[in-house]
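Okay, here's what each chain looks like letter by letter:
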Amino acid sequence: DQQVKQNSPSLSVQEGRISILNCDYTNSMFDYFLWYKKYPAEGPTFLISISSIKDKNEDGRFTVFLNKSAKHLSLHIVPSQPGDSAVYFCAAKPDFGNEKLTFGTGTRLTIIP
Amino acid sequence: NAGVTQTPKFRVLKTGQSMTLLCAQDMNHEYMYWYRQDPGMGLRLIHYSVGEGTTAKGEVPDGYNVSRLKKQNFLLGLESAAPSQTSVYFCASSYGSSSRNEQFFGPGTRLTVL
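Now for a description of the structure that goes with this document. All figures in this text were calculated on a predicted structure; none of them were measured in a lab.

### As for the overall build of chain B
Reasoning step 1: Helix and strand content of chain B: zero helices and 11 strands.
Reasoning step 2: Starting at the N terminus and walking to the C terminus, you meet the elements of chain B as β-β-β-β-β-β-β-β-β-β-β.
Reasoning step 3: Principal-axis analysis of the C-alpha atoms places the extent of chain B at approximately 40 × 30 × 25 Å.
Reasoning step 4: Classification of the 114 residues of chain B by burial places 49% in the buried group.
Reasoning step 5: In chain B, the share of contacts with a sequence separation of at least 24, taken over all contacts with a separation of at least 6, comes to 55%.
Reasoning step 6: Of the accessible surface of chain B, which amounts to about 5,300 Å², a share of 52% is contributed by carbon and sulfur atoms.
Reasoning step 7: Of the charged side chains in chain B, 11 are positive and 8 negative, and the gap between their average positions amounts to 6 Å.

As structure tokens, then:
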């Protein structure tokens, strides 16, 4: 039972254009969402997060949008750069003192120069 | 600061052998976690610890044991390795369970069980 789903295993985007990565979840108890970025042979690193009390959070070139009624979030990267090529994981957790993150299966983003 | 380190980076075992993976963090984090990553499965939580001397089961705990004797170390043990345990193992740590506390990951251990 995959509670966090990333339905696109891979995505290719031209350098300078917008990259949009999508994530859907089924558990209505999830209240806090995170995106992690992973390069080959390295551990995931935290990128950006959003609480359910917001519908948007920005950090430089990265913006996360949350549509709680649709149980959907997306990560926008503008403009896309070659260094953004990586695997991106969406993760979710309840907001109340629960330490366990549930991860999606990841989307491999390739930025084409 | 080294952050989160994992030992070893690679290991090949034969079925039935045992081994221990070591995770160390120097950020004074209370919480530590062990995950495994398999193709098409994302990261799945094996065991976690909310403080020195405590451990708890995650999503896929069978075949693994853990210990947290010191705050900075979290050990993952395989008593009798099976080919199904071939995976990449990641350790992570965080300050606590607050929603604002991101998890910091180590570089991973690639384990192959023949």
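Next, the rest of the story.
### Examining the pairing of strand β3 (residues 19–25) of chain B
Residues and elements named next belong to chain B.
Reasoning step 1: With burial as the criterion, only one face of β3 is covered, namely that bearing Met19, Leu21, Cys23 and Gln25; the residues Thr20, Leu22 and Ala24 on the opposite face remain uncovered.
Reasoning step 2: Strand direction decides the pairing type here: strand β1 (residues 4–7) and β3, joined by four bridges, are antiparallel. The residue bridging threonine 5 from the neighbouring strand is alanine 24, located in β3.
Reasoning step 3: Pairing geometry for β3 and strand β8 (residues 73–78), over six bridges, is antiparallel. Bridge assignment links leucine 21 to a residue of β8, and that residue is leucine 76.

### Thoughts on the sheet that holds strand β7 (residues 62–67) of chain A
Residue and element names in this part refer to chain A.
Reasoning step 1: Read from one edge of the open sheet, five strands run β1-β3-β8-β7-β6, paired in antiparallel fashion. Because the sheet does not close on itself, it has two edges, and the strands there are β1 (4–5) and β6 (56–59).
Reasoning step 2: With two bridges connecting them, β1 and strand β3 (residues 19–25) associate as antiparallel partners. Bridging from a neighbouring strand, valine 4 pairs with tyrosine 25 of β3.

### Focus on a nonpolar patch on the surface
Reasoning step 1: Nonpolar side chains collect at one region of the surface, where A:Ile18, A:Ile20 and A:Val78 lie side by side and expose about 220 Å² of accessible area between them.
Reasoning step 2: Among the secondary structure elements, A:Ile20 is positioned in strand β3.

### Digging into the environment of A:Asp55
Residues and elements named next belong to chain A.
Reasoning step 1: Summarising the element assignment, aspartate 55 is placed in the loop between β5 (45–51) and β6.
Reasoning step 2: On the basis of relative accessibility, which here comes to 53%, the residue aspartate 55 falls in the exposed class.
Reasoning step 3: Setting aside anything within four residues of it in sequence, one finds aspartate 55 in contact with Ile50, Val64, Phe65 and Leu66.

### Some details on the interface of chain B and chain A
Reasoning step 1: Taken together, the contact between chain B and chain A spans 21 residues of the former and 20 residues of the latter.
Reasoning step 2: Counting each side, the surface lost to burial between chain B and chain A is near 1,700 Å², with a carbon and sulfur contribution of 58%.
Reasoning step 3: Here chain B is connected to chain A by zero salt bridges.
Reasoning step 4: Where chain B meets chain A, there are one residue pair in polar contact (both at pLDDT 80 or more).

### Some remarks on the pattern of salt bridges
Reasoning step 1: Scanning the model with the defined rule gives seven salt bridges over all chains in all.
Reasoning step 2: Taken together, the salt bridges that share partners define one network made up of A:Lys37, A:Arg61 and A:Asp84.

### Quick look at unusual backbone geometry
Phi is mostly negative for residues that are not glycine, and the peptide bonds are mostly trans.
Reasoning step 1: For the bond from A:Val78 to A:Pro79, the omega torsion is -10 degrees, close enough to zero to count as cis.
Reasoning step 2: The topology assignment puts A:Pro79 in the loop between β8 (72–77) and β9 (86–93).
Reasoning step 3: The peptide bond linking B:Thr7 to B:Pro8 adopts the cis configuration, its omega dihedral lying at -5 degrees.
Reasoning step 4: Looking at where B:Pro8 falls in the secondary structure, it is placed in the loop between β1 and β2 (10–13).
Reasoning step 5: In this structure, A:Ala41 takes a positive phi of about 65 degrees despite not being glycine.
Reasoning step 6: Positioned with a positive phi, B:Asn28 is a non-glycine residue whose angle comes to about 60 degrees.
Reasoning step 7: Mapped onto the elements of the fold, B:Asn28 is located in the loop between β3 and β4 (31–38).
Reasoning step 8: In this structure B:Asn28 comes out as exposed when scored by relative accessible area, which is 54%.

### Points about the side chain of A:Ser19
All names here are of chain A.
Reasoning step 1: Here serine 19 is to be found in strand β3.
Reasoning step 2: Only 2.6 Å separates the side chain of serine 19 from the side chain of serine 80, close enough to count as a polar contact.
Reasoning step 3: Those residues in contact with serine 19 that lie beyond four places of it in its chain are Val13, Leu75, His76, Ile77, Ser80, Leu109 and Ile111.

Rules used throughout
- Residue positions are given per chain, counted from 1 along the sequence in the order it is written.
- Each chain is given a letter, starting from A, and each ligand a number, starting from 1, according to the order in which they appear as written.
- Residue-level local features of this predicted model are given only where pLDDT is at least 70; pairs of side-chain atoms are given and counted only at 80 or more, and the full residue set underlies all totals for whole chains, interfaces and linings.
- Processing note: side-chain calculations cover all non-hydrogen atoms of the structure and skip hydrogens and water entirely.
- For helices the rule is a DSSP run of H or I covering at least 4 residues; for strands it is a run of E covering at least 2, with both sets numbered from the N terminus onward.
- Each residue is assigned to one of three classes by its accessible area relative to the maximum for its type, calculated with a 1.4 Å probe on protein chains only: buried under 20%, partly exposed between the two thresholds, exposed over 50%.
- Contacts are assigned to residue pairs that have any heavy atoms within 4.5 Å of one another.
- Only the protein chains shown count as cover for residues, with accessible areas throughout obtained via the Shrake-Rupley method and a probe of 1.4 Å.
- Counting rule for charge: Lys and Arg are taken as positive, Asp and Glu as negative, and neither His nor the chain ends is counted.
- Charge placement uses NZ in Lys and CZ in Arg. For Asp and Glu, CG and CD serve respectively.
- Here, a strand pair is defined by DSSP locating no fewer than two bridges between the strands.
- Surface patches are drawn from residues lacking salt bridges whose relative accessible area is over 30%; two like charges belong together within 9 Å, two nonpolar side chains (Val, Leu, Ile, Met, Phe, Trp, Tyr) within 5 Å.
- Salt bridges, as used here, are contacts in which a Lys or Arg side-chain nitrogen is within 4 Å of a carboxyl oxygen on Asp or Glu.
- Throughout, the accessible surface (probe 1.4 Å) given up by two parts as they are put together, summed over both, is called the buried area.
- Under the rule applied, a polar contact is a pair of N or O atoms within 3.5 Å (in protein, one hydrogen donor and one hydrogen acceptor; residues adjacent in sequence only if both atoms are side-chain atoms).

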